[in-house]
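Residues per chain, in single letters:
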Amino acid sequence: MSVSSNISNAMSDIGVMTRRNMRRYIRLPQLLVFNALLNVVLLLLFNYVFGGAIRTGGIAYIQYFLPGFMVQTVVFGSTQTSVGLAEDLSKGMIDRFRSLPMSRTAFLAGRVVADATRYAILIALMIAVGSVMGFRFENGVLPVLAGVALIILFGIALTWVGVFIGISVRDVETAQVAGFVWVFPLVFASSLYVPIETMPSWLQVFAQINPVTPMVDTMRALALGGSVSASLWKTLVWDGVIILVFLPLALRRYRLMGQ
Amino acid sequence: MENSLKTRQSSAVCADASISAEGINKRFGKVQALDNINLIVDPGTVFALLGPNGSGKTTLVRILTTLLRPDSGTAHIASYDVVHEAQLVRSVIGLAGQYPAVEEILTGKENLEMIGQLYHLGKEKAKARAVELLENFELSDAANRKVKTYSGGMRRRLDLAATLVASPSILFLDEPTTGLDPRSRLGLWEVIAAQAQDCNTVFLTTQYLEEADRLANKIAIIDKGKILREGTNQELKDCCGGDTLVTVIIADRSEILKANNALKELGGEKLHSYPDIGEITLPAAGGTSLLPEVVRRLDAERIVITELALKPPTLDDVFLAITGHPAEETTELKEGSSNTP
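Residues numbered from 1 in each chain as written. Chains lettered and ligands numbered in written order. Predicted model: local features only at pLDDT ≥ 70, side-chain atom pairs only at ≥ 80, totals over all residues.

A. Molecular detail of the overall build of chain A. Along its length, chain A carries ten helices and zero strands. Along chain A, helices (α) and strands (β) appear in the sequence α-α-α-α-α-α-α-α-α-α when read from the amino end. The C-alpha atoms of chain A give 19 Å as radius of gyration, which agrees with the globular expectation for 259 residues (18 Å, within 12%). Dimensions of chain A, computed from C-alpha atoms along their principal axes, come out at roughly 60 × 35 × 35 Å. Long-range pairs, those at least 24 residues apart, make up 81% of the contacts in chain A between residues at least 6 apart in sequence. (Helix = DSSP H or I, 4+ residues; strand = E, 2+ residues; numbered from the N terminus. Rg over C-alpha atoms; globule rule 2.2 N^0.38 Å. Contact = placed C-beta atoms within 7 Å.)

Below you can see the structure in the form of structure tokens.
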């Protein structure tokens, strides 16, 4: 078999696996609906419960917070990748896929692509709900679209972490808990909810390194105006590092499943 | 056995769809799941691996279908190495695992189309093949229903159809009829037998002796990770099945003692009577020639016979003789395994 037909087969496999995972969202709409609902509830709670108490340098909290909240959607989303994959691996279907002459990568990549699509839907919803709550883009449409694309790229990178965890634990409940362990510090110890300067200095060190911080700062600058460059390159480096580390790790785990 | 579904012993016409394993070992922690497994399955034949739960059947299937690597030993499927040429092996096999591997939220048709596309048949061909298989497996009416709504038997059929999407020349069926009602089992047996007729090699595992007896050209008995004996069902019965028995059932059960005495001389120590059902069994040392003698002796005592038969040894007897325990732990699905004519 030639290399090019290998590649076109692999692309076709990724397409098939993506459709398979997307159908799950469409046929079991509860999953996506509750997912969306949870995000809306969190958005409302954080804005109206904490919003008044957090000083954000003169701008309304919803303006400060919504760009970060879009990022949070994809960070939390990656824990669902772990759960979905663990569920797949605990059922008989995985043996069928592994006994087919299909691309090994496609089984995992199909999930990542489907999840990226889910992120796009959720982010669009966040923007719609946020607008009702008074959020306004102050920088025009194009920067916002670029920002959303960056968030989805960030989400894809983190999804590979979720894939790796899902494959490693292979149990739905464990996957759920394991996801939260790494996701909570990333989301809260960052510039997502509060200005970093209010944290104790040791935590500021973590918050500065935390990949969520440059991503949030980038989106915030794109939405509200301000300098993007410093946080943009940091976030792109993080995307690259995360993918380069976790994609091979996840693939290796998948290949070694039958040892 | 006259109602056997078996077709051919082996055939030179069938292409290289053989299975071979040499010195396969697999250990899980302290358990030696497979202990030096050697076997050869000829193309176009049905091979049954017969053993109780936990005997290593599934582990062997997983190794032969590239899902699991052996600790040592080699195996070849259609001359491809299962470890080093796994992707080539996958292109010639079909696997139906112990539990149906079908997507609940997809329809029957979507399931088969998906598998066809993953075999790279192309969209149109995958669609056509799905329709064809649904028809063959009597699932056309349910083609556009989600699998969630399917019965156990329908799922099995769909699972088997999915296994056949790319017309593989070698089929692995891991306990294909476990948990099925007798009617669905019969239907599946016909499908499996038809596969061998089409020159495909079938490797099946089962706990049901009757299944192996009906379908397989060759049977291997596995217990605790070792293949204890291998041969055609006749060879196994001849070697370890014990005697063919004459069984007599008399009309009046109260005459069992009288009958017993009348036949004692013929059966000797191996004569057994079962008073509750009015049955007497004795070894048929001289083949059918013993039957008239039995009739004569009972007639002389004016005992009425309702049933008289020769009962060949069954694989149950074989399994018990070889392993020291019965093959099946439960008897719920063991209908008609005594094969009384």
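B. Region of interest: the overall build of chain B. Helix and strand counts for chain B come out as eleven helices and 14 strands. Along the longest, intermediate and shortest principal axes, the C-alpha atoms of chain B span 75 × 45 × 40 Å. A buried classification covers 44% of the 341 residues belonging to chain B. Long-range pairs, those at least 24 residues apart, make up 70% of the contacts in chain B between residues at least 6 apart in sequence. (Buried ≥ 20, exposed ≤ 12 C-beta atoms within 10 Å, placed from the backbone.)

C. View of the nonpolar core. If you look at the biggest cluster of nonpolar residues, it comprises 149 residues, and the most contacted ones within it are Val-71 and Ile-151 of chain A together with Ala-48, Leu-64 and Ile-77 of chain B. Per element, the largest residue contribution to this core is 15 residues, and it comes from helix α3 (residues 61-89) of chain A. Setting aside chain neighbours within four positions, we find Ala-48 of chain B in contact with Leu-204, Thr-206, Ala-212, Leu-215, Ala-216 and Ile-219 of chain B. Counting eleven residues, the second-largest nonpolar core is a separate cluster that includes Ile-250, Leu-263, Ala-284 and Leu-298 of chain B. (Core = buried A, V, L, I, M, F, W, Y, C linked by C-beta atoms within 7 Å.)

D. Spatial organisation of the domain arrangement of chain B. The domains assigned to chain B are domain 1 (19-232) and domain 2 (243-312). Once you take the C-alpha centre of each, domain 1 of chain B and domain 2 of chain B turn out to be 44 Å apart. (Domains from an automatic or database assignment.)

E. Expanded view of the interface of chain A and chain B. If you look at the interface, chain A gives 20 residues, while chain B gives 22 residues. If you list the elements that add at least two residues to the side of chain A that touches chain B, you get α1 (3-27) and α4 (93-98) of chain A. By residue number, the principal contributor to the side of chain A that touches chain B is α1 of chain A, which donates eight residues.

F. Fine view of the sheet that holds strand β5 (residues 80-81) of chain B. Residues and elements named next belong to chain B. With respect to topology, four strands assemble into an open sheet ordered β2-β1-β4-β5, the strand pairing being antiparallel. Unpaired on one side and paired on the other, β2 (31-41) and β5 mark the two borders of the sheet. Two elements, strand β1 (residues 19-28) and strand β4 (residues 72-77), share five bridges in a ladder whose sense is antiparallel. Note that in β4 the partner of Ala-21 across the bridge is Ala-75. Taken strand by strand, helix α1 (residues 57-64) contacts β1, β2 and β4, and its axis lies near 120° from that of β1. (Pairing = 2+ DSSP bridges. Axes fitted to C-alpha atoms, helices over the stretch in contact; angles between N-to-C directions.)

G. The sheet that holds strand β7 (residues 170-174) of chain B, seen in detail. Residue and element names in this part refer to chain B. Taken together, six strands build an open sheet; the order of strands is β6-β7-β8-β3-β9-β10 and the sheet is mixed. Sheet topology places β6 (93-96) and β10 (226-231) at the edges, where each strand pairs with a single neighbour. Direction aside, neighbouring strands of the sheet carry axes that sit 15° apart on average. Strand direction decides the pairing type here: strand β3 (residues 46-50) and strand β9 (residues 218-223), joined by four bridges, are parallel. Across the sheet, the residue bridging to Ala-48 is Ile-219, located in β9. This element, helix α11 (residues 315-323), spans β9 and β10 of the sheet and lies at about 40° to β9.

H. Here's a closer look at the packing of helix α3 (residues 108-118) of chain B against helix α5 (residues 152-163) of chain B. Residue and element names in this part refer to chain B. Contact geometry for α3 and α5: axes closest at 9 Å, N-to-C directions at 25°. By the criterion of interaxial angle, the relationship of α3 to α5 is roughly parallel. Where α3 crosses over α5, the handedness of that crossing is right-handed. Between α3, through Gly-108, Asn-111, Leu-112 and Ile-115, and α5, the contact on the second element is made entirely by Leu-158, Ala-161 and Ala-162. The residue makeup of the contact of α3 with α5, split by class, is five nonpolar, two polar and no charged. (Parallel < 35°, antiparallel > 145°, perpendicular 65-115°, else oblique. Left-handed = near helix turned anticlockwise from the far one by under 90°. Nonpolar A, V, L, I, M, F, W, Y, C, P; charged D, E, K, R; others polar.)

I. The pairing of strand β13 (residues 279-283) of chain B, seen in detail. Residues and elements named next belong to chain B. Here strand β11 (residues 245-250) runs beside β13; their pairing, made up of five bridges, is antiparallel. Each residue of the ladder has a partner; that of Ile-249, found in β13, is Glu-279. A loop of four residues connects strand β12 (residues 272-274) with β13, the two strands running antiparallel in sequence, and Gly-278 in this loop sits at a positive phi of about 65°.

J. Expanded view of the packing of helix α6 (residues 141-169) of chain A against helix α10 (residues 229-255) of chain A. Residues and elements named next belong to chain A. Axis separation between α6 and α10 bottoms out at 8 Å; the angle between their running directions is 30°. When the axes of α6 and α10 are compared, the pair comes out roughly parallel. Considering how the two elements wind past one another, α6 and α10 form a crossing that is left-handed. Residues Leu-150, Leu-153, Phe-154, Ala-157, Leu-158, Trp-160, Val-161, Val-163, Phe-164, Ile-167 and Ser-168 of α6 lie in contact with α10, whose contacting residues are Thr-235, Asp-239, Ile-242, Ile-243, Phe-246, Leu-247, Leu-249, Ala-250, Arg-253 and Tyr-254.

K. Highlighting the environment of Lys-311 of chain B. Looking at the element boundaries, Lys-311 of chain B is found in strand β14 (residues 305-311). Separated by 260 residues in the primary sequence, Lys-311 of chain B and Gly-51 of chain B place their C-alpha atoms 24 Å from one another.

L. Representation of the pairing of β2 of chain B in the model. Residues and elements named next belong to chain B. The pairing of β1 with β2 spans seven bridges and is classified as antiparallel. Residue Ala-21 lies in a different strand from β2, and its bridge partner there is Leu-39. Where β1 hands over to β2, the hairpin turn is made up of two residues, of which Gly-29 adopts a positive phi near 60°.

M. Layout of helix α6 (residues 182-197) of chain B. Here α6 of chain B contains 16 residues, and its C-alpha end-to-end distance of 23 Å stays within 8% of the 22 Å for a straight helix at 1.5 Å per residue. One or two residues past the end of α6 of chain B sits Cys-199 of chain B, with phi positive at roughly 80°. (Expected span 1.5 Å × (residues − 1).)

N. Local environment of unusual backbone geometry. Unusually for a residue other than glycine, Arg-170 of chain A sits at a positive phi of about 55°. Relative to the helices and strands, Arg-170 of chain A resides in the loop between α6 and α7 (172-188). On the basis of neighbour count, Arg-170 of chain A is assigned to the partly exposed category, with 18 C-beta atoms found within 10 Å. Phi at Ala-78 of chain B is positive, roughly 50°, even though this residue is not glycine. For Ala-78 of chain B, the position within the fold is in the loop between β4 and β5. In this structure Ala-78 of chain B comes out as buried when scored by C-beta crowding, with 21 C-beta atoms within 10 Å.

O. Quick look at the confidence of the model for chain B. Residue and element names in this part refer to chain B. Averaged over all residues, the pLDDT of chain B is 85; the fraction at 70 or higher stands at 90%. Taken as a whole, residues 7-12 scores under 50 in pLDDT and shows nine contacts with residues more than four places along the chain or in a different chain. Contacts of residues 330-341 to residues separated by more than four positions or lying in other chains number twelve contacts, the stretch itself having pLDDT below 50. This prediction of the complex comes with two scores: 0.79 for pTM and 0.84 for ipTM. (pLDDT = per-residue confidence, 0-100.)

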